[in-house]
Amino acid sequence: MGKLISGATEVDFDDRALVHLQSVIGSKLRRGESFALTWDDPMAAGDARSSLWLHPSIPLYFKFSGNATGGLNPAWIDLLATSADSGDGLLLSGEPLGQDAGQSHTD
């Protein structure tokens, strides 16, 4: 389980999801865009939804718990990037299975 850290906020994400989020978030922030990142909290946390506002001037730290995240799934990157470009912001969704999983993706 990795962490996305922004100021005093620390959010736990699966390493595989976090590496995909890092790719999409990095692309948006490099373009100077600000947006919301939204995810569903685990059932143990009350089955709620949380959001974090991301802006190029806000430092982010991605801490992975391991090295093995596998290759990036281009279908997942595209799904997340499309979500990030919407008015609702980046909504973390599950990885689409069987669609080029494990292949690398470039900007």
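All of the points below concern the structure found in this document. In this text the structure is predicted, and so the values were computed from the model without any measurement.

Re the overall build of the chain
- Of regular secondary structure, the chain possesses two helices and six strands.
- Starting at the N terminus and ending at the C terminus, the chain contains elements arranged as β-β-α-β-β-β-α-β.
- Within the chain, the fraction of its 107 residues that count as buried is 40%.
- Sequence separation of at least 24 residues holds for 59% of the intrachain contacts in the chain that already meet a minimum separation of 6.
- Counting only carbon and sulfur atoms, one obtains 52% of the accessible surface of the chain, whose full area is about 6100 Å².

Some details on the nonpolar core
- Grouped together as the largest cluster of nonpolar side chains are 23 residues, with contacts concentrated most on F13, I25, L37, L90 and L92.
- Secondary structure elements with two or more residues in this core: β2 (9-13), α1 (15-30), β3 (35-40), β4 (49-54) and α2 (74-84).
- The element contributing the most residues to this core is α1, with seven residues.
- The contacts of L90, once residues within four sequence positions are left out, are L21, V24, I25, F35, A36, L37, T38, L80, S83 and A84.

Structural notes on the pattern of salt bridges
- One pass over the full model with this rule turns up seven salt bridges.
- Between R16 and E95 there is a salt bridge, with its nearest N and O atoms 2.8 Å apart. Residue R16 is located in helix α1, and its partner E95 is located in the segment after β6 (90-91); the two are separated by 79 residues in the primary sequence.
- A relative accessible area of 23% places E95 in the partly exposed class.

Digging into the packing of aromatic side chains
- Overall, the coordinates contain one aromatic pair when judged by the stated rule.
- Plain terms: the ring middles of F13 and W39 are 5.5 Å apart, the flat faces sit at 75° to each other, and that makes the pair edge-to-face. Separated by 26 residues along the polypeptide, F13 in strand β2 and W39 in strand β3 bring together distant segments of the chain.
- Residue W39 is classed as buried on the basis of its relative accessible area, which comes to 9%.
- Looking at K28, its charged tip hangs above the ring of F35, at a distance of 5.3 Å from the centre.

A few points about the environment of I77
- Along the chain, the position of I77 falls in helix α2.
- Relative accessible area serves as the criterion here: at 4%, I77 is assigned to the buried category.
- For I77 and L21, which are 56 residues apart along the polypeptide, the C-alpha to C-alpha distance reads 8.1 Å.

Quick notes on the packing of α1 against α2
- Running from N to C, α1 and α2 point in directions that differ by 50°, and their axes come no closer than 10 Å. In terms of orientation, α1 and α2 fall into the oblique class. Where α1 crosses over α2, the two elements pack in a sense that is right-handed. Where α1 abuts α2, its residues R16, A17, H20, S23, V24 and K28 lie against W76, I77, L80, A81 and A84.
- The class makeup of the residues in the contact of α1 with α2 is seven nonpolar, two polar and two charged.

Conventions and cut-offs
Residues numbered from 1 in each chain as written. Predicted model: local features only at pLDDT ≥ 70, side-chain atom pairs only at ≥ 80, totals over all residues. Heavy atoms only, no water. Helix = DSSP H or I, 4+ residues; strand = E, 2+ residues; numbered from the N terminus. Buried < 20%, exposed > 50% of the residue type's maximum accessible area, 1.4 Å probe, protein only. Contact = heavy atoms within 4.5 Å. Areas by Shrake-Rupley, 256 points an atom, 1.4 Å probe, with all protein chains shown as cover. Core = buried A, V, L, I, M, F, W, Y, C linked by side-chain atoms within 4.5 Å. Salt bridge = Lys/Arg side-chain N within 4 Å of Asp/Glu carboxyl O. Phe/Tyr/Trp six-rings, centres within 6.5 Å; stacked < 30°, edge-to-face > 60°. Lys NZ or Arg CZ within 6 Å of the ring centre and 35° of its normal. Axes fitted to C-alpha atoms, helices over the stretch in contact; angles between N-to-C directions. Parallel < 35°, antiparallel > 145°, perpendicular 65-115°, else oblique. Left-handed = near helix turned anticlockwise from the far one by under 90°. Nonpolar A, V, L, I, M, F, W, Y, C, P; charged D, E, K, R; others polar.

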